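Chain and residue survey
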Amino acid sequence: MASENSPLLAYRLLGEEGVSFPANGAGGPGGAPARKLSTFLGVVVPTVLSMFSIVVFLRIGFVVGHAGLLQALAMLLVAYVILALTVLSVCAIATNGAVRGGGAYFMISRTLGPEVGGSIGLMFYLANVCGCAVSLLGLVEAILDVFGADASGSSGLRVLPQGYGWSLLYGSLLLGLVGGVCTLGAGLYARASFLTFLLVSGSLASVLVSFVAVGPRDIPLAPRPGPNGSSLPPQVGHFTGFNSSTLKANLDAGYAKDYTTGAMMTFASVFAVLFNGCTGIMAGANMSGELKDPSRAIPLGTIVAVAYTFFIYILLFFLSSFTCDRVLLQEDYGFFRAISLWPPLVLVGIYATSLSASMSSLIGASRILHALAQDDLFGVVLAPAKVVSRGGNPWGAVLYSWGLVQGGRERAPSLSVLVQLVLLAGKLNTLAAVVTVFYLVAYAAVDLSCLSLEWASAPNFRPTFNLFSWHTCLLGVASCLLMMFLISPGAAGGSLLLMGLLSALLTARGGPSSWGYVSQALLFHQVRKYLLRLDVRKDHVKFWRPQLLLLVGNPRGALPLLRLANQLKKGGLYVLGHVTLGDLDSLPSDPVQPQYGAWLSLVDRAQVKAFVDLTLSPSVRQGAQHLLRISGLGGMKPNTLVLGFYDDAAPQDHFLTDPAFSEPADGTQEAGAPALSTLFPPPRAPGSPRALSPQDYVATVADALKMNKNVVLARACGALPPERLSRGSGGTSQLHHVDVWPLNLLRPRGGPGYVDVCGLFLLQMATILGMVPAWHSARLRIFLCLGPREAPGAAEGRLRALLSQLRIRAEVREVVWGEGAASEEPEEEEEGDFVNGRRGDAEAEALACSANALVRAQQGRGRGGPGGPEEGGGEVGPTTALTFLYLPRPPADSARYLRYLALLEILSRDLGPALLIHGVTPVTCTDL
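Residues numbered from 1 in each chain as written. Predicted model: local features only at pLDDT ≥ 70, side-chain atom pairs only at ≥ 80, totals over all residues. Heavy atoms only, no water.

What about the overall build of the chain?
- Counting its secondary structure elements, the chain contains 27 helices and 12 strands.
- Across the 928 residues of the chain, 51% fall into the buried class.
- A fraction of 80% describes how many contacts in the chain between residues 6 or more apart in sequence connect residues 24 or more apart.
- By element, 60% of the accessible surface of the chain is carried by carbon and sulfur atoms, the whole surface being about 41,200 Å². (Helix = DSSP H or I, 4+ residues; strand = E, 2+ residues; numbered from the N terminus. Buried < 20%, exposed > 50% of the residue type's maximum accessible area, 1.4 Å probe, protein only. Contact = heavy atoms within 4.5 Å. Areas by Shrake-Rupley, 256 points an atom, 1.4 Å probe, with all protein chains shown as cover.)

Structure representation (structure tokens):
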């Protein structure tokens, strides 16, 4: 079955059994809608009828009479510029691929994502529902003008009772008629639309001929109610024929009260009525599911319809201004009947265009609702709208919008209440502003979708319609938003608030991830642009930040380290690296690519901000070299390698104890994907062979230092307090210390020599950790080791001055070397050569044991061991949560790697969580 990820092209012209692939998904199984409407019947006819609606017969006099010819033409031009900009965007999106049912909703949701698309799709549905009600209200108004018991015309059968309740009843009956036609399917709707198109065209032709053929005449107007229930004197309108004086009088604006509402008209209110009558450009796009070739029919049919309606509106504006005086235009919006050669034909046109506009809005709303229901964005609320007939007609969505839910069950409330509520609202002009704003929101979203696709510069965005640019899209968005607030600031603000609430709801529910998000393409485009601007030659120590590469063998045993490294990155790059052992020459395919999904899921579950980089290599050491060289991009490349400590401790399975990795009882996730615990092997059993030898482990550390990378070795991170690894503020009743030993404890010496690059790197990393909210309450302690000939206090003063310059708040403690420290100054030797020196193995091990005892004595843990504190002291106080130790450089002789690793193990034994760090780059600065 084809999905959103299916290729755009089918490489075979025939299926397995010689059945050709249907174009655009037509003729699919399971009651898929049959695509049988042509461009003319499916797009041109419904779009023309929707754009004419009631305005072309009952609001031409309203617009020209209040705004004057010049402002009316300006309004029409502005309205059609906005519509044309949106039409260009619609044409571009429609010609960029197969368009399915849902029209504008489908275009928006597949571009901006389900959250924005679903919210705007629902609002566009509401706009069509309200538009249907507006058309019906206009039709009721036209019927009562002729057949109402209080009809104001000089002729007509005055048999229909009038009043608010009667108007509501007539509107409901007409809604039933319209809903019945739409329920029977798109074929009947198309035939009915074509019939009404012929009737409207004939009526308009008779009106145009009447402007020329009818001579001047006086038209009596119905008396208007005055103050205190009195009636104003009757007025007379004048049809003057073509007269330059009439045209001159109608050029300027003359805003007055609307006799249907009593409200004073303004540019914004008149524009709202005019624009509402022109907002049917999506009528053809809404039928995309029934069109034979929507990618061709939608742009061609929409452009033809827009051009045709624009020409008719311009013609009617000029003819009305040349022949009708201001009184007639303002006091009789239905004056076409009074000047027509055969008035009943005008009535036929009014009724036909109103019915067709309401049918177009209702069937368009049902298609949008059906598409929303099929995408399952709003859950069971829209489930009835999924029902389709054998021929694919979504009659369930029609009934859902129309007001009747049938099928052998009790009648249930549905969104038809919206239509009824709109009918309850009353007058046509009152509803025009709200409907117009809703349409403008949808139009702005279409323009924004096209703008996003254009800015993203995705190679697959190559529409066959090229008469657009990002300038037209941006201008379309801006003009729609501007007009929204110009027409009705309250409705505009309310619509945007509603869109935000619906987007938040859909975000909380979660939507399909297979549609493709243009936001990802935009982010890619922007990230690439700014990465090119990130020049490594302009790096400065003031803005240094750690960029970590954490090598992980099995994440089951490394979750605490994973989170600790995430805290140490300080907004820098964080890469999770993993080496898969193997040789691509001997494998049928790359085993690394299928693993990325599991590692990305791990990043999501662990809630760390990390990238994932995997490689295939014959050895872990070579793989680590690959990752150190090629991880990152441009100015964002790792500068620090983080490794777990190499010891004999049995690895723990943190997946079993971490709440974030708890799985359902059946071992599967909600989406049906395999549980994360099944994607990674169980931890290594004690005594089982390792993928990395001790020799290669130390060699990897040496390789990183040769590449000028800082190195961090993390030991016993599983013992870190859980509250320190959380994402919260770290508020806890237990106080903790963070101890920093900025001195090579395996090479003791006094004086200021400890303040080297590596010592400052330790201070910087400890300070960065203290900036994390979870570590705010921990106290930073820096230990100053006194040499045998150094007086207490002098070195502490120098260190405090340095900390003040570095803006580091910490407690400084002086400690004296104990057993194992040299009694005289050692010979000056190159740093890191202590293993190669004249010291014997026993002496070096004793020095490491002495340093370990010294550190443990300051932790307040009360552990036994050589040089440890005496037990039973009874002192209870803050414990050390994490210890930062100076990592000596590995020896130059690789034969001494095992001895080096053994000394590190003795140095950090039983210290709890510890980070052994060696820094090679300057990271601190005292300048501003």
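Let's pick the thread back up.
Remarks on the confidence of the model for the chain
- The predicted model of the chain averages 80 in pLDDT, with 81% of residues at 70 or higher.
- Scored below 50 in pLDDT, residues 1-32 makes 30 contacts in the model with residues more than four places away or belonging to other chains. (pLDDT = per-residue confidence, 0-100.)

Side note on the packing of aromatic side chains
- Within the structure shown, the criterion is met by 26 aromatic pairs.
- Here the aromatic rings of phenylalanine 267 and phenylalanine 271 are separated by 6.3 Å at their centres, their planes lie at 5 degrees, and the arrangement is stacked. One end of the pair is phenylalanine 267 and the other is phenylalanine 271, both in helix H9 (residues 267-277) and four residues apart, which spans about a single turn.
- Ring-pair connections join several aromatic residues into one group, and the members of that group are Phe52, Tyr80, Tyr308, Phe310, Tyr313 and Phe317.
- Arginine 59 extends its terminal NZ or CZ atom over the ring of phenylalanine 62, reaching a point 5.8 Å from the ring centre.
- Of note, arginine 724 hangs over the ring of tryptophan 775, and the distance from its end group to the ring centre comes to 5.8 Å. (Phe/Tyr/Trp six-rings, centres within 6.5 Å; stacked < 30°, edge-to-face > 60°. Lys NZ or Arg CZ within 6 Å of the ring centre and 35° of its normal.)

Side note on the packing of helix H5 (residues 114-147) against helix H13 (residues 343-375)
- Contact geometry of H5 with H13 gives a least axis separation of 8 Å together with a crossing angle of 160 degrees. By the angle between their axes, H5 is roughly antiparallel relative to H13. Here H5 and H13 pass one another in a crossing that is left-handed. (Axes fitted to C-alpha atoms, helices over the stretch in contact; angles between N-to-C directions. Parallel < 35°, antiparallel > 145°, perpendicular 65-115°, else oblique. Left-handed = near helix turned anticlockwise from the far one by under 90°.)

What about the pattern of salt bridges?
- By the definition in use, this model includes 10 salt bridges.
- One salt bridge in this structure joins aspartate 375 and arginine 110, with 2.9 Å as the shortest N-O distance. Placement of the pair is aspartate 375 in helix H13 and arginine 110 in helix H4 (residues 104-112), with a sequence separation of 265 residues.
- Residue classification places arginine 110 among the buried positions, given a relative accessible area of 17%.
- Here arginine 715 makes a salt bridge to glutamate 905, at a shortest N to O gap of 3.0 Å. Remark: glutamate 905 occurs in helix H27 (residues 897-907) and arginine 715 occurs in strand E7 (residues 710-715); sequence separation between them is 190 residues.
- What makes arginine 715 buried here is its relative accessible area of 10%. (Salt bridge = Lys/Arg side-chain N within 4 Å of Asp/Glu carboxyl O.)

Brief notes about the environment of valine 740
- Checked against the element boundaries, valine 740 lands in strand E8 (residues 736-741).
- Overall, valine 740 belongs to the buried group, its relative accessible area being 0%.
- Residues valine 740 and valine 855 lie 115 residues apart in sequence; the distance between their C-alpha atoms is 9.9 Å.
- With residues up to four places along the chain from it excluded, the contact list for valine 740 reads Leu762, Leu763, Ala766, Leu780, Arg781, Ile782, Phe783 and Phe884.

Let's talk about the sheet that holds E8
- The strand order E5-E4-E3-E6-E7-E12-E11-E8-E9-E10 describes an open sheet built from 10 strands, whose pairing is mixed. Each having just a single partner strand, strand E5 (611-617) and strand E10 (811-816) make up the two edges of the open sheet. Direction aside, neighbouring strands of the sheet carry axes that sit 25 degrees apart on average.
- Judged from the six bridges that link them, strand E9 (residues 779-786) and E10 form a sheet pairing that is parallel. By the bridge assignment for E10, leucine 786 is matched with valine 816.
- Lying over the sheet, helix H23 (residues 694-706) contacts strand E6 (640-644), E7 and strand E12 (914-918), oriented at roughly 170 degrees with respect to E6.
- Those strands touched by helix H25 (residues 794-805) are E9 and E10, and its axis lies near 150 degrees from that of E10. (Pairing = 2+ DSSP bridges.)

A few points about the nonpolar core
- In this structure, Phe57, Phe211, Met282, Tyr313, Leu316, Phe317 and Phe336 are the most contacted members of the largest nonpolar core, which totals 155 residues.
- The element best represented in this core is helix H3 (residues 60-94), accounting for 19 residues.
- Every residue in contact with phenylalanine 57, bar those within four places of it in the chain, is listed here: Val200, Ser203, Leu204, Val207, Tyr333, Gly334, Phe336, Val346, Gly349, Ile350 and Thr353.
- The next biggest cluster of nonpolar side chains, apart from the first, holds 67 residues, and it includes Leu562, Val738, Ala766 and Ile808. (Core = buried A, V, L, I, M, F, W, Y, C linked by side-chain atoms within 4.5 Å.)

A few points about the side chain of serine 119
- Of note, serine 119 is situated in helix H5.
- Looking at serine 119, its side chain comes within polar contact range of the main-chain oxygen of valine 116, at 2.8 Å.
- A polar atom in the side chain of serine 119 sits 3.0 Å from the side chain of serine 503.
- Setting aside chain neighbours within four positions, we find serine 119 in contact with Pro114, Met499, Leu502, Ser503 and Leu506. (Polar contact = N/O pair within 3.5 Å; in protein donor to acceptor, adjacent residues only side chain to side chain.)

Concerning the side chain of threonine 700
- Here threonine 700 shows up in helix H23.
- Not counting chain neighbours up to four residues away, the residues in contact with threonine 700 comprise Arg621, Ala624, Leu641 and Leu643.

With respect to empty space enclosed by the protein
- One pass over the structure, following the stated rule, counts six cavities of 30 Å³ or more.
- Around the largest cavity, the lining comprises 19 residues; the ones closest to its centre are Ser50, Asn276, Thr279, Ser361 and Tyr439.
- Considering every element that reaches the lining of the largest cavity, the biggest residue donor is H5, with five residues.
- The residue makeup of the lining of the largest cavity, split by class, is eight nonpolar, 11 polar and no charged. (1 Å grid on protein atoms, 1.4 Å probe; cavity = no way out; pocket = protein on both sides within 12 Å on 5 of 7 lines; lining within 4 Å. Points joined across faces, edges and corners; volume = space filled by probe spheres on them. Nonpolar A, V, L, I, M, F, W, Y, C, P; charged D, E, K, R; others polar.)

Some points on the packing of helix H20 (residues 559-568) against helix H21 (residues 596-606)
- Put simply, H20 and H21 touch, their axes get as near as 11 Å, and they point 70 degrees apart. With respect to H21, the axis of H20 lies roughly perpendicular. For the pair H20 and H21, contact is made by Leu559, Leu562 and Arg563 and by Leu602, Arg605 and Ala606, respectively.
- Classifying every residue of the contact of H20 with H21 gives four nonpolar, no polar and two charged.

Things to note about helix H26 (residues 841-859)
- Across its 19 residues, H26 extends 27 Å between first and last C-alpha, which sits within 8% of the 27 Å expected from 1.5 Å per residue.
- Three or more residues of H26 are buried, namely Ala844, Leu847, Ala848, Ser850, Ala851, Asn852, Ala853, Leu854, Val855, Arg856 and Gln859. (Expected span 1.5 Å × (residues − 1).)

Considerations on unusual backbone geometry
- We note that aspartate 376 has phi near 55 degrees; this positive angle belongs to a residue other than glycine.
- Examined against the element boundaries, aspartate 376 turns out to sit in the loop between H13 and helix H14 (395-402).
- Residue aspartate 376 is classed as partly exposed on the basis of its relative accessible area, which comes to 40%.
- For alanine 716, which is not a glycine, the phi torsion comes out positive at approximately 60 degrees.
- Residue position: alanine 716 is located in the loop between E7 and E8.

A few points about a nonpolar patch on the surface
- On the surface, Phe40, Phe194 and Leu198 cluster together to form a nonpolar patch covering roughly 260 Å² of accessible area.
- Tracing the backbone shows phenylalanine 40 in helix H1 (residues 39-52).
- Residue phenylalanine 40 is classed as partly exposed on the basis of its relative accessible area, which comes to 37%. (Patch = residues over 30% accessible without salt bridge, like charges linked within 9 Å, V, L, I, M, F, W, Y side chains within 5 Å.)

Focus: the environment of leucine 49
- Structurally, leucine 49 is set in helix H1.
- For leucine 49, a relative accessible area of 1% corresponds to the buried category.
- Remark: the alpha-carbon pair of leucine 49 and cysteine 278, spanning 229 residues in sequence, is separated by 9.8 Å.
- With residues up to four places along the chain from it excluded, the contact list for leucine 49 reads Ser193, Thr196, Phe197, Val200, Thr353, Ser356 and Ala357.

Some points on H9
- Taking burial as the measure, the 11 residues of H9 include nine buried ones, the bulk of the element.
- Taken together, the buried positions of H9 are occupied by Ala268, Val270, Phe271, Ala272, Val273, Leu274, Phe275, Asn276 and Gly277.

Quick look at the environment of leucine 616
- Its location among the elements puts leucine 616 in strand E5.
- Excluding residues within four positions of it along the chain, leucine 616 makes contact with Thr580, Leu581, Gly582, Asp583, Leu584, Leu587, Asp590, Pro591, Val592 and His626.

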